[in-house]
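Per-entry structural report
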Amino acid sequence: MTRVMTAEIPASLPIDADPATLAGEVLNALKYRLGKDTTVATQHDWLTASIKVVRDRIIDHWISGTKEAYDQKEKRVYYLSLEFLIGRLMRDAFSNLGLMDNMRAALSSLGVDLDVIAALEPDAALGNGGLGRLAACFMESMASVGIPAHGYGIRYANGMFRQEIQDGWQVELPETWLDHGNPWEFERRERSFEVGFGGSVESITSRDGRLERHVWKPTEHVLAVAYDTPVVGWRANRVNTLRLWAGMPVDPILLDRFNAGDHIGALAESNKADALSRVLYPADSHKEGQELRLRQEYFFSTASLQDIVQRHLSQYGDLKSLPDKAAIHLNDTHPAVAVPELMRLLMDVHGIDFDQAWDITRRTFAYTNHTLLPEALESWPVPLFERLLPRHMQIIYAINAEILLEARASNRFSGEQIAAISLIQENGERRVRMGNLAFVGSHSINGVSALHTELMKETVFADLHRLYPDRINNKTNGITPRRWLIQCNPDLTALAREAIGDRFLDDIEAIRDLEGFAQDAAFREKFAGVKRLNKARLANLVSERLGIRVDPSALFDIQIKRIHEYKRQLLNVIEAVALYDQIRSHPERDWMPRVKFFGGKAAPSYHNAKLIIKLINDVARVINHDPSVRGLLKMVFVPNYNVSTAEIMMPAADLSEQISTAGMEASGTGNMKFALNGALTIGTLDGANVEIKERVGDDNIFIFGLKANEVAERRASGYAPHSVIDASPELRQAVAAIASGVFSPDDPQRYRALMDDLYNTDWFMVAADFDAYAATQREVDGVWRNGPDWYARAIHNVARVGWFSSDRTIRQYAKDIWNVSA
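The following paragraphs examine the structure supplied in this document. (Residues numbered from 1 in each chain as written. Predicted model: local features only at pLDDT ≥ 70, side-chain atom pairs only at ≥ 80, totals over all residues. Heavy atoms only, no water.)

**Topic: the overall build of the protein**
The criterion, for reference: Segments assigned H or I by DSSP are reported as helices when at least four residues long, segments assigned E as strands when at least two residues long, and all are numbered from the N terminus. The globule rule is 2.2 Å times the number of residues to the power 0.38, and the radius of gyration it is compared with is taken over C-alpha atoms. Note on classification: 1.4 Å probe, protein chains only; a residue is buried when its accessible area is under 20% of the maximum for its type, exposed when over 50%, partly exposed between these limits. Here the accessible surface of atoms and residues is derived via Shrake-Rupley with a 1.4 Å probe, and residues count as covered only by protein chains that are part of the display. In this charge count, Lys and Arg are treated as positive and Asp and Glu as negative; neither His nor the chain ends contribute. In plain terms, the charge of a residue is placed at NZ if it is Lys, CZ if Arg, CG if Asp and CD if Glu.
When its secondary structure is counted, the protein shows 34 helices and 22 strands. Computed over the C-alpha atoms, the radius of gyration of the protein is 28 Å, within 12% of the 28 Å expected from 2.2 N^0.38 for a compact globule of 822 residues. Overall, the protein is about 95 × 80 × 60 Å in size when its C-alpha atoms are taken along their principal axes. For the protein, buried positions account for 60% of its 822 residues. As presented, the protein carries roughly 31400 Å² of accessible surface, and 50% of it is formed by carbon and sulfur atoms. Side-chain charges in the protein split into 93 positive and 108 negative, and the spacing between the mean points of these groups amounts to 2 Å.

Have a look at this one:
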C-alpha cells in the first residue's frame with residue numbers, strides 16, 4: 001500500500017515559536033505545499049513558504065475570533081471601500097504577531113535572507129492614494145482594538161496602473177501583482193452572489209389591484225466571487241477579514257456561439273465579467289469608462305450587501321434588527337449605490353414596506369466624505385443609471401420625493417435650496433448625485449479633519465446640513481503606528497524604546513515621553529544618526545533605480561502624493577526654478593544643499609497632472625546637469641510611488657511638503673506619517689495641517705499662505721493673478737522661463753498653456769501663495785543651518801503626533817457612529 005505523505009500541522013499552532021521550529025515548518029511548507037526541494041526552490045518559493053507558515057498561525061485566531069463574535073452576538077462593522085491600499089503584508093503580519101526576530105533567525109539558518117524575500121512580495125494593487133491607505137490603516141486598527149469587522153472591496157487583477165517614466169512622461173502599464181498568486185488569500189467559491197444589470201421592472205399587484213411588490217428582471221448576470229484575506233491586529237488581538245470580490249461569468253463560454261465558429265464572441269460575457277475586477281478607476285473621459293465605473297460600484301456594493309444580509313439572517317432570522325447588529329460604513333461616495341440596493345433587498349426580496357425599509361437603511365449606514373471638490377462628489381447621468389439599474393432609479397426617485405417633501409414642509413428652504421438638496425441635479429444634464437444620496441441614506445456623515453468638517457457644513461452639504469443638523473460630525477484621520485513607525489522605521493523605534501521604554505508600542509500617545517529628550521544633546525545626535533541612515537537608504541534606492549546620486553547630508557525635501565493641481569506640485573517645482581535662478585545669480589550666498597523629491601501618479605485622463613510630471617522631470621534634467629549649481633540643488637521624481645516606496649521615503653524626509661490650496665485637502669495622512677518619522681512640515685492651513693500645528697506647536701512647523709476663507713474671498717472678489725506675477729520678480733522670471741521653453745528646448749511651447757492658465761486664472765492660488773512659500777523655504781534653510789535646533793524640533797514632532805493614530809480614530813468611530821465596543 002502506498003503511503004501518502006502529508007505535512008503534520010497541529011490542531012492549534014501557538015503564535016510564538018523558536019527559530020528551529022519555524023525553520024522546520026518553512027521546510028515542510030516548501031515541500032508539501034509547494035512541491036519544492038531546497039535545491040530547486042526559488043526566492044519566490046521561500047517567500048511563499050514563509051507566508052504560509054505565518055498564515056497557519058493566523059488562522060486559529062481568525063476562526064476563534066469569528067466564532068466568538070457569533071457566540072456573543074457582537075455587533076459587526078462592515079467597511080465598504082473601492083480602495084484598500086494594503087501594501088505588502090508579510091512584515092506587517094510578522095511584526096504584529098511578534099515573530100519578526102525568530103523568523104529572521106529561522107530563515108537565516110536555512111540560508112535565506114528575510115529582507116531579500118520580503119522585497120519580492122508585491123504591493124497589492126488595490127488602491128491609489130490616501131482613501132485606500134486610510135481604509136488599510138482602519139482595517140488594521142479595527143483588528144488591533146478588538147472590533148469585529150469585515151472590509152469589502154474589489155480584487156483588482158491589474159490595479160490602477162504601474163507607472164513608468166519614459167522621456168519624462170508618465171506611461172501607464174498594468175500591475176501584475178498576482179503573477180505569482182496571492183498566498184495570503186482564500187478563495188470562497190461558496191460565497192458567490194449573482195449580480196444583475198439592465199432589464200426591466202415588473203409590478204406585481206394583488207387581485208384587488210393593490211401594488212404588492214416590484215420584481216427587477218435584469219438582462220445581464222455575472223457572479224461576484226469572494227476572496228478573503230486575514231487582517232492581523234497588533235499582538236494578534238484580533239484577526240478580521242478583508243473580503244474582495246472578483247467578477248466571473250455565470251457561463252464561462254457561450255458554447256453554441258463557439259461551435260458556430262464565433263470563437264471571440266463566445267467569450268464576450270466572460271470578458272465583460274472579468275472587466276469588473278480588472279482595473280481600478282478605469283478612465284472615465286468616455287461613456288464606456290463611465291459605465292464600467294458605475295458597474296464596478298454596484299457590483300461590489302450588492303455583493304457585499306447580499307453577503308451581510310445572508311449572514312445576518314442566518315444568525316438572527318429577520319432584518320428588523322439589522323441596525324442593531326450591523327454598522328455598514330461607506331468610505332466616500334463610491335459605494336453610495338448601496339443605499340438604494342439595501343432598500344431593494346429589504347422591499348423587493350424580503351417584503352418590508354418602504355417606510356420601515358427606509359428607517360432600517362438610515363440607521364444601518366454611515367458615510368465618510370473625503371472631498372470638497374465638486375467633481376469628486378460622484379454623479380451619474382440619469383439615462384445611464386436608469387438603463388443599468390432601473391429598479392434603483394425608481395427607489396432613488398421615491399427617496400427623493402420623501403426628502404424634498406420634508407424640506408418643503410419645513411418652510412425653511414427656498415426653491416434654489418431645495419434644488420441643492422435634491423438627489424437629482426436638474427440644471428443641464430440630469431444626473432444622480434451620489435454624495436447627496438449617501439448623506440440622506442446615512443445616520444452619520446463625518447468629515448476627516450476639523451476644518452474639512454466645518455467646510456462641509458458651509459459648502460457642499462450646506463442645505464442638507466440645515467435639513468439634518470445633527471448628522472455631520474468630525475473624525476480626524478489617523479495612521480497605524482505599527483506600519484508607519486514600528487515597521488518602516490525600526491531604528492527610530494529602537495531609539496525610542498531605549499529612551500522611554502516599550503509603553504508606546506501598545507499606546508502610541510505614550511511616545512509623548514520623548515518630549516524631555518529634545519534638549520538632550522546626546523539623544524539628538526543619536527536621533528540625527530537614525531535620520532542619516534534612513535536618508536542613505538533612500539539615496540541607495542534612487543541610485544539603483546534611477547542612476548541619480550544624491551548626498552544624504554543635504555536637506556531631503558519630499559512631496560509624495562497623488563498628482564493633482566490642488567495639491568500644488570506646480571508651486572513646488574516653480575519655487576525650485578526660482579531657487580535655481582537665485583543659486584546661479586548669487587553664488588556668494590550661503591545656500592543650504594537640498595534635494596527635492598517628488599512621487600505620485602496622475603490619473604490617465606488628467607492632462608495637466610501628467611504635464612506637471614513631465615515638467616518636474618524636465619526641470620530636474622536641467623538642474624541636475626548644470627555644473628554652476630555645484631550640487632546645491634537636485635530634483636528627483638521617483639516612479640511608481642506605492643506603499644513600499646513610502647516606507648522608505650517617509651523615514652528619510654527632513655521636510656514634508658503639505659502645500660495644498662487651503663480649503664481643498666480634506667485631511668491628508670502623509671502629513672501625519674512624515675511627522676511621526678521626524679520630518680518638519682511646510683504647509684498651508686489646510687486639512688489636518690491645522691490640527692498638527694495645534695499639537696506640535698507653532699515653532700515646530702512652517703506655515704504659509706492664504707487661509708481657506710481668504711482663498712474664497714480672493715475668488716469672489718475678482719482675483720487677478722497676472723498682477724501678482726508681475727509684482728514678484730522671482731515668480732515672474734520662473735514663469736517666463738518655463739513658458740518660453742528653457743526647460744523644454746525640444747518643444748518650447750510645451751508649457752505655454754499651463755503658464756498662461758496660471759497667469760490668467762490661477763484657480764489653485766499658486767501665484768497668490770508663491771512669495772509666502774518662497775520666503776518660508778528660506779526660513780527652513782535658516783533652521784536647517786542650526787542642526788541641534790532642527791533635530792530638537794523634529795523630536796518634538798515625533799513626540800507630539802501620537803494622537804494622530806488610527807486607533808484613536810477608530811475608537812471614536814466605534815463610540816460615536818457605530819455603537820460598538822473598542
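**Regarding the sheet that holds strand β14 (residues 431–433)**
Basically, it comes down to this: Two strands qualify as a pair provided that DSSP identifies no fewer than 2 bridges between them.
Here three strands make up an open sheet; going across it, the order is β12-β14-β13 and the pairing antiparallel. One side of each edge strand has no neighbouring strand; the edge strands of this open sheet are β12 (379–381) and β13 (424–425).

**A few points about helix α6 (residues 130–145)**
Let me state the cut-off plainly: A helix is expected to reach a length of 1.5 Å times the quantity of its residues less one.
Taking 1.5 Å per residue as the helical rise, α6 with its 16 residues ought to reach 22 Å, and the 22 Å between its terminal C-alpha atoms agrees with that figure. Taking burial as the measure, the 16 residues of α6 include 15 buried ones, the bulk of the element. The first or second residue beyond α6 is Gly146, which carries a positive phi of 90°.

**Re the nonpolar core**
Selection rule: Joining through side-chain atoms within 4.5 Å is the link that ties buried Ala, Val, Leu, Ile, Met, Phe, Trp, Tyr and Cys residues into a set, and such a set is a nonpolar core. Any two residues having at least one pair of non-hydrogen atoms within 4.5 Å are treated as being in contact.
Grouped together as the largest cluster of nonpolar side chains are 275 residues, with contacts concentrated most on Met142, Phe385, Leu538, Ile574, Phe597, Trp790 and Trp818. Filtering out sequence-adjacent residues up to four positions away, Phe597 remains in contact with Leu538, Val542, Val550, Phe556, Asp557, Ile558, Gln559, Val636, Val638 and Met649.

**Digging into helix α2 (residues 43–71)**
This is how the line gets drawn: Axes are fitted to the seven residues ending at a residue and to the seven starting at it; the angle between these axes is taken as the bend at that residue.
The first and last C-alpha atoms of α2 sit 42 Å apart over 29 residues, in line with the 42 Å expected at 1.5 Å per residue. In the structure, α2 departs most strongly from a straight axis at Ile58, where the bend amounts to approximately 25°. The first or second residue beyond α2 is Lys73, which carries a positive phi of 50°.

**Digging into the packing of aromatic side chains**
Spelled out, the test is: By convention, a stacked pair of Phe, Tyr or Trp rings (six-membered ring in the case of Trp) has centres within 6.5 Å and planes under 30 degrees apart, an edge-to-face pair has planes over 60 apart, and any other such pair is tilted. Think of it as a cone above the ring: NZ of Lys or CZ of Arg counts as a charge over the ring if it is within 6 Å of the ring centre and within 35 degrees of the ring normal.
Scanning the model with the defined rule gives 20 aromatic pairs in all. A ring pair is formed by Trp62 and Phe186, whose centres lie 5.4 Å apart and whose planes are at 55°; its orientation type is tilted. Taken together, the residues Trp62 in helix α2 and Phe186 in strand β5 (residues 186–197) connect sequence positions 124 residues apart. You'll find Trp62 and Phe186 in the same group, each marked buried. One aromatic cluster in this structure is built from Phe527, Phe702, Trp784, Trp790 and Tyr791. The positively charged end of Arg466 is found above the aromatic ring belonging to Phe413, 4.7 Å away from the centroid. When the ring centre of Trp484 is taken as reference, the NZ or CZ atom of Lys673 above it lies at 4.6 Å.

**Focus: the pattern of salt bridges**
Pairing is possible between side chains that carry opposite charge, provided their charged atoms lie close to one another. Applicable threshold: Salt bridges are defined by distance alone: a side-chain nitrogen of Lys or Arg within 4 Å of a carboxyl oxygen of Asp or Glu.
Applying the stated criterion to the full structure yields 64 salt bridges. With a closest N to O distance of 2.7 Å, Arg278 and Asp274 form a salt bridge. Overlapping salt bridges bring together Asp167, Lys614, Asp618, Arg621, Asp746, Asp747 and Arg750 as one network.

**Points about the pairing of strand β17 (residues 555–560)**
Condition: We call a crossover right-handed when, viewed with the strands running away from us, the connection from the first strand over the helix to the second turns clockwise.
Burial analysis of β17 places six of its six residues in the buried class, which makes it a mostly covered element. Side chains Leu555, Asp557 and Gln559 project from β17 onto one buried face, and the interleaved Phe556, Ile558 and Ile560 project onto a second face that is buried too. Where β17 and strand β18 (residues 594–599) come together, six bridges link them in parallel fashion. When the sheet's bridge partners are listed, Leu555 is paired in β18 with Arg594. Between the parallel elements β17 and β18, the chain passes through helix α23 (residues 569–585) in a crossover that is right-handed. Across two bridges, the pairing between β17 and strand β20 (residues 655–658) is parallel. The partner of Asp557 across the bridge, within β20, is Leu655.

**Here we look at the pairing of strand β19 (residues 633–638)**
The buried fraction of β19 amounts to five of the six residues, a majority that puts the element mostly inside the structure. Judged from the six bridges that link them, β18 and β19 form a sheet pairing that is parallel. Within β19, the position partnered with Arg594 by the bridge is Leu633. One crossover worth recording links β18 to the parallel β19 by way of helix α24 (residues 607–624), and it is right-handed.

**Some details on the environment of Lys52**
Here Lys52 shows up in helix α2. For Lys52, a relative accessible area of 17% gives the class buried. Along the sequence, Lys52 and Pro729 sit 677 residues apart, while their C-alpha atoms lie 62 Å from each other.

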